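# Per-entry structural report
Spelled out from the first residue to the last, the chains are:
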Amino acid sequence: MKETTSESKTIEANLEQRVFPPYDDFHGTPHAMLWRRVTITTPQGVAAFEQTDYGHPGRLNPWEPRGVASPLTVRLAELRGVAEALGAIAG
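Because the structure is predicted, anything quoted here is derived from the model rather than measured. (Residues numbered from 1 in each chain as written. Predicted model: local features only at pLDDT ≥ 70, side-chain atom pairs only at ≥ 80, totals over all residues. Heavy atoms only, no water.)

## Focus: the pairing of strand S2 (residues 33-42)
Basically, it comes down to this: With a 1.4 Å probe rolled over the protein chains alone, any residue whose accessible area is under 20% of its type maximum counts as buried; one over 50% counts as exposed, and the rest are partly exposed. By definition, any uninterrupted DSSP run of H or I lasting at least four residues is a helix, any uninterrupted run of E lasting at least two residues is a strand, and each is numbered from the N terminus. Note on pairing: DSSP must find at least two bridges between two strands before they are called paired.
In terms of burial, S2 is a largely internal element, seven of the ten residues being buried. Looking at chain direction, strand S1 (residues 12-20) and S2 are connected through nine bridges and run antiparallel. The residue bridging Phe-20 from the neighbouring strand is Met-33, located in S2. When S2 meets strand S3 (residues 45-52), the two strands line up antiparallel, connected through eight bridges. Its bridge partner lying in S3, Arg-37 is registered against Glu-50. Here S2 folds back onto S3, and the loop between the two strands holds two residues.

## Description of the packing of aromatic side chains
Selection rule: Pairing of aromatic side chains here covers Phe, Tyr and the six-membered ring of Trp, requires ring centres within 6.5 Å, and sorts the geometry by plane angle: under 30 degrees stacked, over 60 edge-to-face, intermediate tilted.
For the structure shown, the criterion picks out three aromatic pairs. Ring geometry for Phe-20 versus Phe-26: centroids 4.6 Å apart, planes at 25 degrees, classification stacked. Given the relative accessible area of 47%, Phe-26 is considered partly exposed. When the ring of Phe-26 is compared with that of Trp-35, the centres are 6.4 Å apart and the planes differ by 85 degrees; the resulting orientation is edge-to-face. Members of the aromatic cluster, joined through ring pairs, are Phe-20, Phe-26 and Trp-35.

Listed below in C-alpha cells is the structure:
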C-alpha cells in the first residue's frame, strides 16, 4: 500500500479596532478617532493594513498597506479586499 501525505496551508486574518479619545497623543484632533488594523498571515509572509476616520469623524478613510511581504505584493488587491470584508463585519 502506498502511503500518501497531505499538504496543509493556513491563512489567518486578525482585525484590531480601537477608539482613541479626543486630543490623544496618537492623533491630537478634537474628536475621538477610530483606528483599525488588519493583519493577514500566509505561508508567503504577512500583510498589514490600517484604516482610520482621521480628519472626518465617522467617515472611514481607505485601507492603507502598512507592511506587506514582498511575495504578497502581487496579491495586494485581494489582500485589501480581505481587510475591507473584515472591516464590514466589524461594523
